[in-house]
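Commentary on secondary and tertiary structure
Here is how the chains run, residue by residue.
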Amino acid sequence: MFEKERNEIIKTGIALDRYGLIALAGGNVSARMSDGNILVTPSGMIYESMIPEDIILMDVNGNIIAGDRKPSSDTEGILYIFRERPDVMAVIHTHQPYATAISLIQDEFRADLTTLGNAAGGNVAVAPYSPPGSIAMGEDTVKYIGESFAVILAHHGVMTIGKSIKQALNAAVYLEESAKAYLAAAAVGPTKHLTDAQIRQTVEVYKYVGQDSGAIPKELTERI
Ligand SMILES: [Zn+2]
C-alpha cells in the first residue's frame, strides 16, 4: 500500500543527503496518506539502502499498521505535529549545518533573502533546545513555526512542514541556501535587512511560481 508515496519518501531522503542537509542516517521524512495514516522512515537506516517496505505505516497515535522496522526515534514528536496540524501533509527533519549554526547565535532567522521568504513563507523562528527523540521537538515545532514552513531547533537541526513532501523539501533546501549566504555575510559585518513589506511581497510572489499557478500579478513585481 502507498508504493508511490513510499518511493517518494526514499527519494526525498536521498535528496536530503545530496543537498548536504543530513549525513548517513540522520534526519527523517514522514507523510500523511489519503486514509489519514502516516508513513515514517525507519530509525538509523541510510536512505539509499531503503526499500519501500522499510517505511513504516502507522496511525497518528503511533500504532503500527504495516512494517517490521523500528520507526524513527523522533516519531513521537512527528506524530504530535500531524495531530495538531491537520493541514500538514509532510514533515521533514534534518541536521542541516548552516541553518542549525544560526541557532547558536540568534533566536530568529529573518527573511532578508528572497529565497527564504519564498520557500519558508517568511521569517524562520529558532525554537529552544529540546532533546532528540522527545515529544518536545514536535510541541516546539507547532508552537514556533506559525505560518512558516520551517523552524530551527536550537543546538539540533531543522523541522520543515508542507502540504506535500516536495514543499517540505523545498523549505529545507532553500532555508539552507539562505543560511549559507547569511552566515557568509554575517561573518564579515552587520547584515542589511529587507523591510517587512518587502518580505511579505516575496512570500506573495512565491504563490505564483511553478507550473500550477498563473502569471505573477503586476503589482507584486513593483519595487517597494
Ligand atoms: Zn535530529
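Residues numbered from 1 in each chain as written. Predicted model: local features only at pLDDT ≥ 70, side-chain atom pairs only at ≥ 80, totals over all residues.

1. Observations concerning the sheet that holds strand β5 (residues 90-94)
Applied cut-off: Pairs of strands are assigned from DSSP output, requiring at least two bridges between the strands. Labels follow the DSSP assignment, with helices taken as runs of H or I lasting at least four residues and strands as runs of E lasting at least two, numbered in each case from the N terminus. Here, residue contact means that the backbone-derived C-beta atoms of the two residues sit within 7 Å. For helices, the fitted axis covers only the stretch in contact; all axes are lines through C-alpha atoms, and the angles between them, taken along N-to-C directions, range from 0 to 180 degrees.
The mixed open sheet is built from 9 strands, whose spatial order is β4-β3-β2-β1-β5-β9-β8-β7-β6. For this open sheet the edge positions go to β4 (64-66) and β6 (108-109), each flanked by a neighbour on one side alone. The pairing of β6 with strand β7 (residues 124-127) spans 2 bridges and is antiparallel. Its bridge partner lying in β7, Glu 108 is registered against Ala 125. Packed onto the sheet, helix α1 (residues 3-18) meets β1 (28-32), β2 (38-40) and β5 and runs at close to 150° relative to β1.

2. Notes on the domain arrangement of the protein
Definition in use: In this entry, domain limits derive from an automatic or database-based domain assignment. Each residue receives one of three labels: charged for Asp, Glu, Lys and Arg, nonpolar for Ala, Val, Leu, Ile, Met, Phe, Trp, Tyr, Cys and Pro, and polar for the others, Gly being one of them.
When cut into domains, the protein gives domain 1 (3-190) and domain 2 (194-224). Here domain 1 and domain 2 have C-alpha centroids that lie 25 Å from each other. Counting residues at the interface gives 7 residues for domain 1 and 5 residues for domain 2. Within the side of domain 1 that touches domain 2, the residues separate by chemical class into 1 nonpolar, 5 polar and 1 charged.

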